[in-house]
Amino acid sequence: QQQVRQSPQSLTVWEGETAILNCSYEDSTFNYFPWYQQFPGEGPALLISISSVSDKKEDGRFTIFFNKREKKLSLHITDSQPGDSATYFCAATNQGGSAKLIFGEGTKLTVSS
Amino acid sequence: AQTIHQWPVAEIKAVGSPLSLGCTIKGKSSPNLYWYWQATGGTLQQLFYSITVGQVESVVQLNLSASRPKDDQFILSTEKLLLSHSGFYLCAWSRGDNYAEQFFGPGTRLTVL
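Enquirer: Kindly report on the overall build of chain A, identifying the contributing residues and their values.
Expert: Each helix and strand counted, chain A has zero helices and 11 strands in total. Counting helices and strands in the order they occur from the N terminus, chain A gives β-β-β-β-β-β-β-β-β-β-β. Whereas a compact globule of 113 residues would reach a radius of gyration of roughly 13 Å, chain A reaches 13 Å, a difference of no more than 12%. On the principal axes, the C-alpha backbone points of chain A span a range of 45 × 30 × 20 Å. Contacts spanning at least 24 positions in sequence make up 55% of the contacts within chain A whose residues lie at least 6 apart. Of the roughly 5400 Å² of accessible surface on chain A, a fraction of 45% belongs to carbon and sulfur atoms. Averaging the locations of the 10 positively and 12 negatively charged side chains of chain A gives two centres separated by 9 Å.

Enquirer: Describe in detail the state of the cysteines, supporting the description with residues and values.
Expert: Under the counting rule described, the total for this entry stands at two disulfides over all chains. The residue that forms a disulfide with Cys-23 of chain A is Cys-90 of chain A, at a sulfur-sulfur distance of 2.0 Å. Between Cys-23 of chain A and Cys-90 of chain A the sulfur-sulfur dihedral comes to about -70°; the bridge is accordingly left-handed. One end of the pair, Cys-23 of chain A, is in strand S3 (residues 19-25); the other, Cys-90 of chain A, is in strand S9 (residues 86-92), and 67 residues separate them in sequence. Through a disulfide, Cys-23 of chain B is tied to Cys-91 of chain B; the S-S separation comes to 1.9 Å. For the disulfide bridge between Cys-23 of chain B and Cys-91 of chain B, the dihedral angle about the S-S bond is near -75°, and by the sign convention the bridge is left-handed. Placement of the pair is Cys-23 of chain B in strand S3 (residues 19-26) and Cys-91 of chain B in strand S9 (residues 87-94), with a sequence separation of 68 residues. Like Cys-23 of chain B, the residue Cys-91 of chain B is buried in the burial classification.

Enquirer: Summarise the pairing of strand S11 (residues 108-112) of chain B; cite the residues concerned and give the values.
Expert: Residue and element names in this part refer to chain B. On S11, burial follows the alternation: Thr-108, Leu-110 and Val-112 on one face are buried, whereas Arg-109 and Thr-111 on the facing-out side are not. Alignment of strand S2 (residues 10-13) against S11, held across four bridges, turns out to be parallel. The residue bridging Ala-10 from the neighbouring strand is Arg-109, located in S11. The pairing of S9 with S11 spans three bridges and is antiparallel. Of the residues in S11, the one forming a bridge with Phe-88 is Arg-109.

Enquirer: Go over the confidence of the model for chain B with me, naming the residues and quoting the values.
Expert: Of all residues in chain B, 100% attain a pLDDT of 70 or more, and the chain-wide mean is 95. Strand S6 (residues 55-58) of chain B is the least confidently modelled element of chain B, averaging 95 in pLDDT, while strand S8 (residues 73-78) of chain B averages 98, the highest of any element.

Enquirer: Go over the side chain of His-76 of chain A, please, and point to the residues and values.
Expert: Residue and element names in this part refer to chain A. Summarising the element assignment, His-76 is placed in strand S8 (residues 72-77). According to the relative accessible area criterion, His-76 is buried, its value standing at 19%. At a separation of 3.2 Å, a polar atom in the side chain of His-76 contacts the side chain of Ser-74. Those residues within four positions of His-76 in sequence are excluded, and the remaining contacts are Thr-18, Ala-19, Ile-20, Arg-61, Phe-62, Thr-63 and Phe-65.

About the thresholds
- Residues numbered from 1 in each chain as written.
- Chains lettered and ligands numbered in written order.
- Predicted model: local features only at pLDDT ≥ 70, side-chain atom pairs only at ≥ 80, totals over all residues.
- Heavy atoms only, no water.
- Helix = DSSP H or I, 4+ residues; strand = E, 2+ residues; numbered from the N terminus.
- Rg over C-alpha atoms; globule rule 2.2 N^0.38 Å.
- Contact = heavy atoms within 4.5 Å.
- Areas by Shrake-Rupley, 256 points an atom, 1.4 Å probe, with all protein chains shown as cover.
- Lys, Arg positive; Asp, Glu negative; His and termini not counted.
- Charge placed at Lys NZ, Arg CZ, Asp CG, Glu CD.
- Disulfide = S-S within 2.5 Å.
- Buried < 20%, exposed > 50% of the residue type's maximum accessible area, 1.4 Å probe, protein only.
- Pairing = 2+ DSSP bridges.
- pLDDT = per-residue confidence, 0-100.
- Polar contact = N/O pair within 3.5 Å; in protein donor to acceptor, adjacent residues only side chain to side chain.

Below is the structure:
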């Protein structure tokens, strides 16, 4: 049972465009959602995260939009750059519960110049 | 600054042989520690987490075991490798009060033949 789902599986955008990566979850106890960026052959790196008490979190070109009612969130990458080409993972946890972190399947982003 | 080191960088092992992978965190006292497994092109599956020395919680059963002999060290091992153990093993740490924001090591690539 996949508790965290991501779409699309892969995405290609042109340099300068906005990339939109989607994530949804099932467990209503999840209350904290980090996004990770992973380049081939490397460990993932924490990119940006949001708590369920917020509906938006912004950090430079990266913005998370969160809809608690629909159990959906999205990561927007504005002014996409070729260096943003990577796999992005949405994850979810019940902060304050156990230390389990559930990852989605990932979205592979390619930014073409 | 905190640094995380994993060893070895890569291993090629035979089915049925034993395995020991290691992880050390420097610059952070009493971190939460985590082991993950990632198939090629796949998602991250949390295997174990540890909140304190000597205590390890199993998240999934994959015929692997983990131990935390020191505050800054986390060991993953098995006595008998299976073909299905091949993949990318990642160690991560987090602050004690934030399970979601984890910081990953460079990983160990394991090939079981």
